[in-house]
Amino acid sequence: MSFLQIDHVSKSFVTPEGGEVHALNDVSVGIEAGEFFVMLGPSGCGKTTLLRSIAGLEYPDSGVISVDGQRIDDIPAYERPVNTVFQSYALFPHMTVGENIAFGLEMEKVDKNEIAKRVDEALAQVKLDGLAKRRPAQLSGGQQQRVALARALAKKPKVLLLDEPLSALDLKLRRGMQIELKRLQQDTGITFVFVTHDQEEAMSMGDRIAVFKDGKIVQLDTPREIYRRPVNAFVADFIGETNLIEGQATPTGIHIPGGGFIARNHIAPDCTFGDSGTVTVAIRPEDFQLSETEGSIHGTVRDVIFTGDSVRVHVQLDSTEVVASLASYGVRVPNRGEKISLNTLEHSARTVAS
Amino acid sequence: MSKKVKKLEGRPGQTSPLLALPTVLFLTIGIGIPLVLTVVYSFLDRATVGMGVKWHFNPTSYKHLFVIENLDGTTGFDTRWIKVLWNSFLYSGVTTVVTTFLSIPIAMWIATRDENKRNILLAAVTLPFWISILIRTYGIRQIIDDNGPIGTIMHKLGYAHYHIIYTPTATLIGLVYVFLPFMILPIYSSAERFDFRMAEAAYDLGARRWTVLRRIVLPAIRPGIIAGIALVFIPALGSFLQSDMLGGGKTNMIANVIALNFGQARNWPFGCALSVLLIALTLVFVKLIQWIGKKTTGEQVNFV
């Protein structure tokens, strides 16, 4: 049994039209102590419902949730050893920063001096020392976010639940907070369960990622594994960027539109496919190379986009369009309208279930 | 070639200030002049015969607020008007407290319904405004009358010697009934803006139901409560219909005395002096409520 154990949890909603939606469809997952666990998926996939079920803000129809050997799904939110950082921060506007952080400790009837000490500690943890007297409205979005974090951390929860906490921040601030959150998690050793729809955020922070779709976990693995070995086209497309190409299987490789051909030895060895029929090939943009000789994939350059760290070349292969990401420096960049050949790196292409 | 550029005056969306003129004039004439007259009249002599005043400076009305001249020529401290004032403040205060406690749960309940239901419920709250206050007060009188439904039930239960009509209780029932919507509406508008995710956060941090209500919800709807207090307490101070029609004149409020002096007693200066005293005390209370509002919410509360 894992530290945070979720067993066969289901929950369905009735839509205003009278239909039934399975927000969670028999989800089971074990999260280890001290783990940074990310739940990733598009909106409406059930990740937030699961997080709120752990917090006690929503009650699943069936299933068992336990933390550290204690069953928690049948006790109210205020008795659970977990705390949440909300997407909207949900800071109390009529209280100062210090009072906000102290609130949760007062509920536990912690001694006054101890509260003052732990408020200072929590503020230091999120680098907001000296701002205890401010009101939330006097802080920037990033600072409010830190207060929300400090308020939950001060309770020293067994599991910290984070519901898309960084989604309201701008990109630069978000990247900074990602690193800080990761460090904070490693320093405190608290188990983090982090919900996000941002795959880049998920990969940069998570020890493991659970990819959700339609109320189910479709893949659960480390970021590296999920990126390199997506179980299906949905994961391949959702995590990072992928070119999904429909091809025809042959005993020696796969024919792709535009007269291209990917030989078996260019496809990852763990991928198996038949000797005939339609298969979906997934190729990451960075796995393409421009071939000066006769390459394996042929097409016409439609757009060339310079992004700074790379040059993205959109190539039309008959009916499909693929994107190749080439180095922006030191290699030849093709021109618009040019007929080019591309090669794939060895073992980089994958066949995926659609 | 000169082309005149039409400059946008004021802020976008702002209408001409001239459009506000009729209302400004109306308010000046309708409120300013009567206010000045009230103060002026209070320093004049009462008319020898009939209505009105005699234009002769005489501040004796103010003396009569507190001093009684006995028939034998001696004078004493007159507590009658202070008692009436105290009554007015008491009834207004009780009305304010009762309506506040009644309004918070109902306003919270309405604010948490879905939009369609909310609109229907709000319409129900404002429905009494469609009917004249006089007719509504008659209605209340029918209900609490000894021969009305409540009286009949009490009679059957053997409590015939208890009466509601023409008692202070009747006055209070009338006041609470009339002023309830004025408390519900501002509290509702605060409650509607309340972000219930904050209640969730409090719950998540270990707070139970009553703690969430006391420490998170109540402070959030406090501006509505304070606005409601101002909207109920101040007009209730000046109300006279309820004490007149339901209280049977036994529970005089200050407005009843003022009306009496302008009517049967024909002592306009004294009525004016009472009015000035009421206005002054009301202002003190407005400032007090504002001060409390500022103290508790940290923001300026502006309703007057």
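First, a word on what this report is: a plain description of the structure on this page.

Conventions used here
Residues numbered from 1 in each chain as written. Chains lettered and ligands numbered in written order. Predicted model: local features only at pLDDT ≥ 70, side-chain atom pairs only at ≥ 80, totals over all residues. Heavy atoms only, no water. Helix = DSSP H or I, 4+ residues; strand = E, 2+ residues; numbered from the N terminus. Rg over C-alpha atoms; globule rule 2.2 N^0.38 Å. Buried < 20%, exposed > 50% of the residue type's maximum accessible area, 1.4 Å probe, protein only. Contact = heavy atoms within 4.5 Å. Areas by Shrake-Rupley, 256 points an atom, 1.4 Å probe, with all protein chains shown as cover. Lys, Arg positive; Asp, Glu negative; His and termini not counted. Charge placed at Lys NZ, Arg CZ, Asp CG, Glu CD. Pairing = 2+ DSSP bridges. Axes fitted to C-alpha atoms, helices over the stretch in contact; angles between N-to-C directions. Salt bridge = Lys/Arg side-chain N within 4 Å of Asp/Glu carboxyl O. Expected span 1.5 Å × (residues − 1). Bend = angle between axes of the 7 residues up to and from the residue.

## Quick look at the overall build of chain B
Secondary structure summary: chain B contains twelve helices and four strands in total. For 304 residues, the compact-globule formula gives about 19 Å, and the C-alpha radius of gyration of chain B, at 25 Å, lies well above that figure. Seen along its three principal axes, the alpha-carbon backbone of chain B occupies a region of about 90 × 75 × 35 Å. Across the 304 residues of chain B, 38% fall into the buried class. Counting only contacts in chain B whose residues sit at least 6 apart along the sequence, the fraction spanning at least 24 positions is 62%.

## Side note on the overall build of chain A
A tally of helices and strands in chain A yields eight helices and 20 strands. Considered along the principal axes of its C-alpha atoms, chain A spans approximately 75 × 45 × 40 Å. Accessible area of chain A: about 15,900 Å², with a carbon and sulfur share of 49%. Computed over 37 positive and 47 negative side-chain charges, the separation of the two mean positions in chain A equals 5 Å.

## Looking at the sheet that holds strand β2 (residues 20-31) of chain A
All names here are of chain A. In space, the four strands of this open sheet follow the order β2-β1-β4-β5, with antiparallel pairing throughout. Each edge of the open sheet is held by one strand with a lone partner, namely β2 and β5 (70-71). Sheet contacts for helix α1 (residues 47-55): β1 (4-14), β2 and β4 (62-67); angle to β1, the most-contacted strand, approximately 115 degrees.

## Description of the pattern of salt bridges
The full count for this structure, using the stated rule, is 30 salt bridges over all chains. Of the charged contacts in the structure, one is a salt bridge between A:R52 and B:E200, with a shortest N-O distance of 2.5 Å. Pair noted here: A:R52 is in helix α1 and B:E200 is in helix α8 (residues 196-204), and the two residues belong to different chains. Here A:R146 makes a salt bridge to A:E180, at a shortest N to O gap of 2.9 Å.

## Re the sheet that holds strand β7 (residues 159-163) of chain A
Residues and elements named next belong to chain A. Pairing within the open sheet is mixed, and its six strands lie in the order β6-β7-β8-β3-β9-β10. Among the strands making up the open sheet, the edge pair consists of β6 (82-85) and β10 (216-221). Pairwise comparison of adjacent strand axes, ignoring direction, gives a mean angle of 20 degrees for this sheet. Where helix α4 (residues 141-153) meets the sheet, its contacts fall on β6 and β7, and the angle it forms with β6 comes to roughly 175 degrees.

## Points about helix α9 (residues 209-237) of chain B
A rise of 1.5 Å per residue sets the reference length of α9(B), with its 29 residues, at 42 Å; its end C-alpha atoms lie only 36 Å apart and thus fall more than 12% short of the reference. Remark: the principal bend of α9(B), roughly 50 degrees, maps to B:R222, with a proline, B:P223, within the next four residues.

## Regarding unusual backbone geometry
Here the phi dihedral of A:D318 falls at roughly 50 degrees; this positive angle occurs in a residue that is not glycine. In the Ramachandran plot, A:H347 falls in the positive-phi region, its phi being about 60 degrees despite a non-glycine side chain.

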